[in-house]
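Each chain, letter by letter, is given below.
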Amino acid sequence: MADKEFKARVTVTLKNGVLDPQGKAIEGALESLDFNGVSGVRQGKVFDVNLTASSEKAAEDTLGGMCEKLLANTVIEDYAVEIVG
Amino acid sequence: MKATVVQFPGCNRDRDMIAAIAKIGGTAPQLAWHTDTELPDSDLIVLPGGFSHGDYLRAGAIAARAPVMDAVRAAADKGVRVLGVCNGFQMLTEAGLLPGSLMRNAGLTFVCKEVMLEAVNTDNMFTERYGKGEIIRCPVAHHDGNYFADEKTLKQVEGNGQVAFRYANGTNPNGSLNDIAGVFNAYGNVLGMMPHPENLIEPAHGGADGRRLFESVLGVLQRDAA
C-alpha cells in the first residue's frame with residue numbers, strides 16, 4: 001500500500017504544576033490592556049508537521065515518537081498529536 | 001590526565017573552558033565536534049556554555065540529540081567524569097544524564113552578573129577542594145537557568161546529596177527550586193551547573209573562586225593516573 005500524506009498538529013504545553021513565568025507575564029499584560037476576567041494563561045508551542053505514512057495510525061505513532069525524542073521535554077511538558085488533514 | 005571539550009555550533013564559552021583546563025591542568029584539552037560518533041580516550045569530558053543551535057526548540061535540546069552525545073553517554077556510564085556548564089548543563093538535563101530541567105528565568109530576562117554559591121556536597125571529585133558549606137563567588141550569564149524538578153525527583157536529588165551548589169545569600173538569579181545552581185548525577189561523576197567557574201580562575205578575572213573546581217577534578221585525574 002502506498003504511503004499517504006498527512007498534515008498533523010502537535011501541541012506541547014507545560015505540565016500542570018510547572019511554573020510558567022512567560023504565561024504569567026502575558027496574563028499581566030492582558031490585564032494591563034483591560035482584558036478583565038482572565039484567570040490564567042499558559043504558553044505552549046505548536047508544530048505543524050507534514051509527513052507520509054502508511055496509515056493514520058502509523059503517522060500518529062511516528063509523531064508520538066517525535067514528541068518523546070525531541071519535540072517535548074517530558075520532564076516538564078505534555079504533548080498532544082492531532083491529524084488535521 | 002586527558003580532558004576533552006566538545007564543541008557545538010553556537011558554543012561561545014568553549015574558548016574560556018579550554019583556557020581554564022590548559023592553565024590549571026597544565027595540558028590543553030582535546031577537542032571533539034558535535035557530529036563525532038567517537039570521543040578520544042578521556043578522563044574528563046566537558047560540555048561548555050553558549051547557545052548551541054541558537055537555543056532553538058529548547059536550550060540544549062538539539063545539542064542533546066547530536067551524534068556525539070551517544071559517546072558522552074557511554075563514557076558517563078563507564079564512570080568518566082562529565083562536566084556541563086551553563087548550556088552544557090542544559091544539554092545534560094535534555095539528554096537525561098542529569099535529573100530535572102532548566103526553564104526560562106523567573107524574571108524572564110537574561111541575567112549576567114556575579115552570584116554567591118554555597119558548596120553543598122564537597123565529598124565529590126568535582127568539589128573536594130571547597131569546604132562544605134563554603135560560600136564562593138561565581139559569575140552567571142543565562143536566560144534559561146531556572147532549575148525545576150518534580151517533587152519526587154527533587155526529593156531524590158536532595159536526599160542523595162546530588163546538590164553540588166546552591167545560590168547563597170539571596171542571590172538566586174533565576175527562580176531555581178531550592179536555590180539549586182548545580183547538580184550531580186546519582187553516581188557523582190556527572191556535574192551540571194549554570195554558573196561559570198571557568199570565568200573566575202585568576203586575579204585578572206577579579207577573583208579565583210572557580211579555580212578549585214578544576215583543581216579538584218583535574219587533580220583527581222592526575223592522582224588516578226599516577
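Only a predicted model underlies this, so the values are computations on that prediction, with no experimental measurement involved.

A short note on the side chain of Asp144 of chain B
Residue and element names in this part refer to chain B.
Phase 1: Positionally, Asp144 belongs in the loop between strand 7 (135-142) and strand 8 (146-148).
Phase 2: Note on Asp144: relative accessible area 10%, which makes it buried.
Phase 3: When near neighbours in sequence (up to four residues on either side) are disregarded, Asp144 contacts Asp55, Ala59, Gln90, Leu102, Met103, Arg104, Asn105 and Met194.

Considerations on the interface of chain A and chain B
Phase 1: The interface of chain A with chain B comprises 17 residues on the first partner and 13 residues on the second.
Phase 2: Counting across the chain A and chain B interface gives one salt bridge.
Phase 3: Of the charged contacts in the structure, one is a salt bridge between Arg58 of chain B and Glu77 of chain A, with a shortest N-O distance of 3.6 Å.
Phase 4: At the junction of chain A with chain B, the criterion picks out six residue pairs in polar contact (both at pLDDT 80 or more).

What to know about the pattern of salt bridges
Phase 1: Taken as a whole and judged by the stated rule, the model has 16 salt bridges over all chains.
Phase 2: Residue Asp16 of chain B pairs with Arg15 of chain B through a salt bridge whose shortest N-O separation is 3.5 Å.
Phase 3: Of the residues examined, Arg15 of chain B reaches a relative accessible area of 60% and is grouped as exposed.
Phase 4: Among the ionic contacts, a cluster of salt bridges with common partners joins Lys45 and Glu77 of chain A together with Arg58, Arg65 and Glu94 of chain B.

Some points on the packing of aromatic side chains
Residues and elements named next belong to chain B.
Phase 1: Scanning the model with the defined rule gives three aromatic pairs over all chains in all.
Phase 2: Residues Phe51 and Phe110 carry aromatic rings whose centres are separated by 6.2 Å and whose planes lie at 35 degrees to one another, so their mutual orientation is tilted. You can see Phe51 sitting in the loop between strand 3 (44-47) and helix 2 (68-77) and its partner Phe110 sitting in the loop between strand 5 (101-103) and strand 6 (111-119), a full 59 residues away along the chain.
Phase 3: By relative accessible area, which is 33% here, Phe51 ends up partly exposed.
Phase 4: Owing to a relative accessible area of 39%, Phe110 belongs among the partly exposed residues under this scheme.
Phase 5: Ring geometry for Tyr130 and Phe165: centres 6.1 Å apart, planes at 80 degrees, overall edge-to-face. Placement of the pair is Tyr130 in the loop between strand 6 and strand 7 and Phe165 in strand 9 (residues 163-167), with a sequence separation of 35 residues. Taken as a pair, Tyr130 and Phe165 share a single burial class, namely buried.

Side note on the sheet that holds strand 7 of chain B
Residues and elements named next belong to chain B.
Phase 1: One open sheet holds the nine strands; their spatial order is 2-1-3-4-11-10-9-6-7, and the pairing between them is mixed. Single-partner strands in this sheet number two, and they are strand 2 (30-33) and strand 7. Direction aside, neighbouring strands of the sheet carry axes that sit 25 degrees apart on average.
Phase 2: Relative to strand 9, strand 6 runs antiparallel, the two sharing three bridges. Note on strand 9: the bridge partner recorded for Ala119 is Phe165.
Phase 3: Across the sheet, helix 2 touches strand 1 (3-7), strand 2, strand 3, strand 4 (81-85) and strand 11 (190-193), and the angle it forms with strand 3 is around 140 degrees.

Topic: the nonpolar core
Phase 1: Within the largest apolar cluster, 67 residues are counted, with the highest numbers of intra-cluster contacts made by Phe8, Leu83, Leu117, Tyr147, Phe165 and Phe214 of chain B.
Phase 2: Val49, Cys67 and Ile83 of chain A together with Ala61 of chain B belong to the second-largest nonpolar core, a separate cluster that totals 16 residues.

A word on the state of the cysteines
Phase 1: Counting across every chain of the model gives zero disulfides over all chains.
Phase 2: Unpaired in terms of disulfides, Cys86 of chain B finds its nearest cysteine sulfur in Cys112 of chain B, a separation of 10.0 Å.

As for the sheet that holds strand 2 (residues 44-53) of chain A
Residue and element names in this part refer to chain A.
Phase 1: Judged by pairing direction, the sheet is antiparallel, and its three strands sit side by side in the order 2-1-3 without closing on themselves. Strand pairing shows two members of the sheet lacking a second neighbour, strand 2 and strand 3 (77-83), which therefore form its edges. On average, each strand axis in the sheet is tilted by 25 degrees relative to the strand beside it, whichever way the strands run.
Phase 2: Pairing between strand 1 (residues 4-14) and strand 2: ten bridges, direction antiparallel. Looking at strand 2, one finds that Lys4 is bridged to Ala53.
Phase 3: On the sheet, helix 2 (residues 56-71) packs against strand 1, strand 2 and strand 3 and is oriented at approximately 155 degrees with respect to strand 3.

Criteria and thresholds
Residues numbered from 1 in each chain as written. Chains lettered and ligands numbered in written order. Predicted model: local features only at pLDDT ≥ 70, side-chain atom pairs only at ≥ 80, totals over all residues. Heavy atoms only, no water. Helix = DSSP H or I, 4+ residues; strand = E, 2+ residues; numbered from the N terminus. Buried < 20%, exposed > 50% of the residue type's maximum accessible area, 1.4 Å probe, protein only. Contact = heavy atoms within 4.5 Å. Salt bridge = Lys/Arg side-chain N within 4 Å of Asp/Glu carboxyl O. Polar contact = N/O pair within 3.5 Å; in protein donor to acceptor, adjacent residues only side chain to side chain. Phe/Tyr/Trp six-rings, centres within 6.5 Å; stacked < 30°, edge-to-face > 60°. Pairing = 2+ DSSP bridges. Axes fitted to C-alpha atoms, helices over the stretch in contact; angles between N-to-C directions. Core = buried A, V, L, I, M, F, W, Y, C linked by side-chain atoms within 4.5 Å. Disulfide = S-S within 2.5 Å.

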